[in-house]
Amino acid sequence: IEQLPHPRDLAVEARIGVVMSNESAWAFSIEPPDAAFDYEAVWREDFYLPIAQTHFWRDVIDQSADFCPYQVIVMPLTPMVFRPTKDRLKEWVEEGGCLLIGPLTGYRTEELTAPTDHEFGGLEELMGATFAGSFSTDDTGETVRIVWGEADASQADPEQAAQLPASTPRGRCHAFAATTAHVLARYEGAGINDAAILMNKIGQGTVITLGARVDRESYLDLIHTLCELVKIEPLATGSPHVAVIPRMNADTSIAAYGLVNLTRSPQTITLAKGGVDRLSGKTV
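This report concerns the structure included in the present document. Just so it is clear, the structure is predicted and the values come from calculations on it, not from any experiment. (Residues numbered from 1 in each chain as written. Predicted model: local features only at pLDDT ≥ 70, side-chain atom pairs only at ≥ 80, totals over all residues. Heavy atoms only, no water.)

Notes on unusual backbone geometry
Here is step 1 of the chain: The linkage connecting Gly-102 with the following residue, Pro-103, adopts the cis geometry, with an omega of 0 degrees.
Here is step 2 of the chain: With respect to the helices and strands, the residue Pro-103 is situated in the loop between β5 (98–101) and α4 (124–127).
Here is step 3 of the chain: Residue Thr-252 is not a glycine yet carries a positive backbone phi of 75 degrees.
Here is step 4 of the chain: As for its position among the elements, Thr-252 is in the loop between β14 (242–248) and β15 (254–261). (Helix = DSSP H or I, 4+ residues; strand = E, 2+ residues; numbered from the N terminus.)

Here we look at the environment of Gln-63
Here is step 1 of the chain: You can see Gln-63 is positioned in the loop between β3 (58–61) and β4 (72–75).
Here is step 2 of the chain: Taking the C-alpha atoms as reference points, Gln-63 and Val-18, 45 residues apart in sequence, are found 9.2 Å from one another.
Here is step 3 of the chain: Excluding anything up to four places from it in sequence, Gln-63 contacts Val-19, Ser-21, Met-75, Thr-78, Met-80, Val-81, Phe-82, Thr-85 and Arg-88.
Here is step 4 of the chain: A distance of 2.9 Å separates the side chain of Gln-63 from the backbone oxygen of Met-80, its partner in a polar contact. (Contact = heavy atoms within 4.5 Å. Polar contact = N/O pair within 3.5 Å; in protein donor to acceptor, adjacent residues only side chain to side chain.)

Quick look at the pattern of salt bridges
Here is step 1 of the chain: All told, the structure shown has ten salt bridges when counted by the stated rule.
Here is step 2 of the chain: Across the pair Glu-111 and Arg-83 runs a salt bridge whose closest N-O atoms are separated by 4.0 Å. Here Glu-111 is found in the loop between β5 and α4, whereas its partner Arg-83 is found in helix α3 (residues 83–94), with 28 residues between them in sequence.
Here is step 3 of the chain: Note that Lys-90 is salt-bridged to Glu-125, the shortest N-O span being 3.7 Å. Taken as a pair, Lys-90 in helix α3 and Glu-125 in helix α4 lie far apart in primary sequence, 35 residues in all.
Here is step 4 of the chain: Relative accessible area serves as the criterion here: at 49%, Glu-125 is assigned to the partly exposed category. (Salt bridge = Lys/Arg side-chain N within 4 Å of Asp/Glu carboxyl O. Buried < 20%, exposed > 50% of the residue type's maximum accessible area, 1.4 Å probe, protein only.)

Thoughts on the sheet that holds β15
Sheet strands line up and pair through hydrogen bonds in the backbone, either parallel or antiparallel.
Here is step 1 of the chain: Across the sheet, which stays open at both edges, the three strands sit in the order β1-β14-β15 with antiparallel pairing between neighbours. Either end of the sheet is taken by a strand with one partner, and the two such strands are β1 (10–11) and β15.
Here is step 2 of the chain: In the sheet, β1 pairs with β14 via two bridges, with the strands oriented antiparallel. When the bridges of β14 are listed, Leu-10 appears paired with Met-248. (Pairing = 2+ DSSP bridges.)

Considerations on the packing of aromatic side chains
Here is step 1 of the chain: Scanning all chains against the criterion turns up eight aromatic pairs.
Here is step 2 of the chain: When the ring of Phe-47 is compared with that of Tyr-219, the centres are 5.3 Å apart and the planes differ by 90 degrees; the resulting orientation is edge-to-face. Here Phe-47, found in helix α2 (residues 39–53), pairs with Tyr-219, found in helix α6 (residues 216–229); they are 172 residues apart in sequence, far enough to count as distant.
Here is step 3 of the chain: A relative accessible area of 2% means that Phe-47 is categorised as buried.
Here is step 4 of the chain: A connected cluster of aromatic rings, assembled from ring pairs, spans Phe-28, Phe-37 and Tyr-39.
Here is step 5 of the chain: In this structure, Arg-88 packs its charged tip against the face of Phe-67, placed 4.1 Å from the ring centre. (Phe/Tyr/Trp six-rings, centres within 6.5 Å; stacked < 30°, edge-to-face > 60°. Lys NZ or Arg CZ within 6 Å of the ring centre and 35° of its normal.)

Regarding the environment of Thr-143
Here is step 1 of the chain: Looking at the secondary structure, you find Thr-143 in the loop between β6 (129–136) and β7 (145–148).
Here is step 2 of the chain: Between the C-alpha atom of Thr-143 and that of Val-230, which follows or precedes it by 87 residues, the distance is 36 Å.
Here is step 3 of the chain: Beyond its immediate sequence surroundings of up to four residues, Thr-143 is in contact with Glu-188, Gly-189 and Ala-190.

Thoughts on the pairing of β7
Here is step 1 of the chain: With four bridges joining them, β7 and strand β10 (residues 182–188) adopt antiparallel strand pairing. Following the sheet pairing, Arg-145 is matched in β10 by Glu-188.

As for α2
Here is step 1 of the chain: Taking 1.5 Å of rise per residue, the 15 residues of α2 would be expected to cover 21 Å, and the 20 Å separating its terminal C-alpha atoms lies within 8% of that figure.
Here is step 2 of the chain: Glu-45 marks where α2 bends most, by close to 35 degrees.
Here is step 3 of the chain: Taken residue by residue, α2 has Tyr-39, Val-42, Trp-43, Asp-46, Phe-47, Tyr-48, Pro-50, Ile-51 and Ala-52 as its buried positions.
Here is step 4 of the chain: Its buried side turned inward, α2 meets β2 (16–19), α1 (22–30), β3, β4, β12 (205–210) and α6.
Here is step 5 of the chain: Two or three places before Glu-40, at the start of α2, stands the capping residue Asp-38, its side-chain oxygen 3.2 Å from that residue's backbone nitrogen. (Expected span 1.5 Å × (residues − 1). Bend = angle between axes of the 7 residues up to and from the residue.)

Listed below in structure tokens is the structure:
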């Protein structure tokens, strides 16, 4: 079989790391935050696929991985954050890393017990906040919203407050009292008015803390915010049902993209720039 000549393409190193944890799966199987909670399904559907389907090139990593190759790390659903990981995260953020932490991250020790010193086991410095309470949207008895904006929604004009951008939290939620962090959004309803989403500057880096599972659009807004800070752009725009796999030359320039339609119907994808079809030789 004659093979087409081609350069030795190399795998492109990702600049985004999404943390998945076997320990988290174990912890949530023992202490599920909600009756029907499935760690693998929630991690995949709520936190990984939105990043993948908007064509950010990313790695799935464990919390013990080397953080140095990454500029953005997403660490959701990680109740047990190891002591060395906390130290490494702080150093990595101070040197310019952008971290999204939560929801349901850091509220248990490595032995799956409640911390006795701080509710988030020392992550409070990264968060720029302290614990203000927790609740489940299944138990409040009335609707709770996450309202975007730093203003205290309970003190705002009701008509004006109703027009503020809002998200609907799901499941177990953590609320915060900001210390050094900027409040991006607050809970509203059921007598709850604490911070829900925070942004904190640590050294050269930034930490966003997410207190609850939110809708896909709101989550992606936070991802885009962090990626823009370090100038990470998606590989493409268009259908979420197309996988875009980049390959690079030895000098790290892009050599090729592999495109895979994950459906049985035509899909449209737009790459960052045109090029040559490696199979046909045609300009596209």
